[in-house]
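Observations on the model geometry
This is what each chain is made of:
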Amino acid sequence: MFDFKPAVSRRASETRTRLFRPTSLILFALLVFVGALAVTWQYGWPNFRTFSDSFGEARAQLQSAALMMRGGQYRDAQKLIAPILANPGNPLYRSARWIRWQIAQAQTLAIPPQSPRRRRAEAGTLPILDGMLKLGGWTPEQWRALAQGASAVGAYGLSARFWEQAALADPALSWQDRREAALALAAKGDPAAAAQILLDLAAETRNPSWQEALLFQGAKWLEGGLGSVVALARCRALLARAPRLWQDRQVVMFMARLALAADRPDLAARWLYRELRQRGTPRPS
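What comes next concerns the included structure. (Residues numbered from 1 in each chain as written. Predicted model: local features only at pLDDT ≥ 70, side-chain atom pairs only at ≥ 80, totals over all residues. Heavy atoms only, no water.)

Points about the side chain of R144
As for its position among the elements, R144 is in helix α5 (residues 140–152). Exposure remark for R144: the relative accessible area of 13% places this residue in the buried category. One polar contact links R144 to D170, side chain to side chain, over a distance of 2.9 Å. Dropping the residues within four chain positions of it, R144 is found in contact with W163, A166, D170, L173 and D177. (Helix = DSSP H or I, 4+ residues; strand = E, 2+ residues; numbered from the N terminus. Buried < 20%, exposed > 50% of the residue type's maximum accessible area, 1.4 Å probe, protein only. Polar contact = N/O pair within 3.5 Å; in protein donor to acceptor, adjacent residues only side chain to side chain. Contact = heavy atoms within 4.5 Å.)

Digging into the environment of R264
Within the secondary structure layout, R264 lies in the loop between α11 (249–261) and α12 (265–279). The exposure class of R264 is partly exposed, given its relative accessible area of 31%. Residues R264 and L232, spaced 32 residues apart in sequence, show a C-alpha to C-alpha distance of 9.4 Å. Beyond its immediate chain neighbours, meaning those up to four positions away, R264 contacts L232, R236 and A259.

So, unusual backbone geometry
Positive phi values are uncommon outside glycine, yet Q114 reaches one of about 70 degrees. In this fold, Q114 is placed in the loop between α3 (93–109) and α4 (116–135). With phi around 65 degrees, D263 is a residue other than glycine that occupies positive phi space.

Here's the deal with the environment of G131
Summarising the element assignment, G131 is placed in helix α4. Given a relative accessible area of 16%, G131 falls into the buried group. Sequence separation between G131 and R97 is 34 residues, and the spatial gap between their C-alpha atoms is 9.0 Å.

Notes on the packing of aromatic side chains
Within the structure shown, the criterion is met by five aromatic pairs. With 5.9 Å between their ring centres and 35 degrees between their planes, W143 and F162 make a pair best called tilted. Here W143, found in helix α5, pairs with F162, found in helix α6 (residues 156–169); they are 19 residues apart in sequence, far enough to count as distant. When the centroid spacing of 5.1 Å and the interplanar angle of 45 degrees are considered together, the rings of W246 and W271 count as tilted. Residue W246 is found in the loop between α10 (228–241) and α11, and its partner W271 is found in helix α12; the two are separated by 25 residues along the sequence. For the pair formed by W246 and W271, the shared burial category is buried. Here the basic side chain of R94 rests over the ring of W138, its NZ or CZ set 4.2 Å away from the ring centre. Cation over ring: R274 sits above W246, and NZ or CZ is 4.8 Å from the ring centre. (Phe/Tyr/Trp six-rings, centres within 6.5 Å; stacked < 30°, edge-to-face > 60°. Lys NZ or Arg CZ within 6 Å of the ring centre and 35° of its normal.)

Below, the structure written as structure tokens:
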């Protein structure tokens, strides 16, 4: 007869050996991890504490700079944020950039308008604003604040770009932001670009009164900036995208006048004739 006990004992021993090896490896890895953690804690903690202290100091400097700025101590505030601005890797770098712009804006607006000093100060804000645009990553509210501040110091072109960034960052309010961008471009002296924004908005909105107002204002800016021919062509392009506007008698009369100004009496006659046929001539009383 065969004795199965030694064979069973061998298999059990082998099973225990196989189970022991992975367990040993796990225990060994755990010991190494704990040892590494102890070393990191011993040698790395002072560095972390130094970083924490440095961060706290920088935050205190920013808060003090903001208070000084509100009190009109602009130079002292600039000195406080200078070390942070010198280190783009600092977590508070963006906050320091924001305070620097606020200081520049406050200093500029404190100077009487139309004076040579004011013009020099406004010119000095342009690199700061351009840097804020290139830095990017601002919230919609910050983009709008930058746009309003840029307009306040006469940087209308940058203001328009800030409004456009706000529109991209907040699609829910993009219509209003783009309209503000158009107004900034008009103030800058670029009515053609401003008008195109208004015509695009007119094509997108479904509000008839808004469409009409945007068409008229856009055409006015185009006519004044690029002439009647260009204004007529772009307004016709808009009406092709929004044909419902042709149902408005005021729009028809406006387009007829614009066609006459652009030396296109044939178009004016066609549109007026069509309007008469659709609505009929009034009967004499």
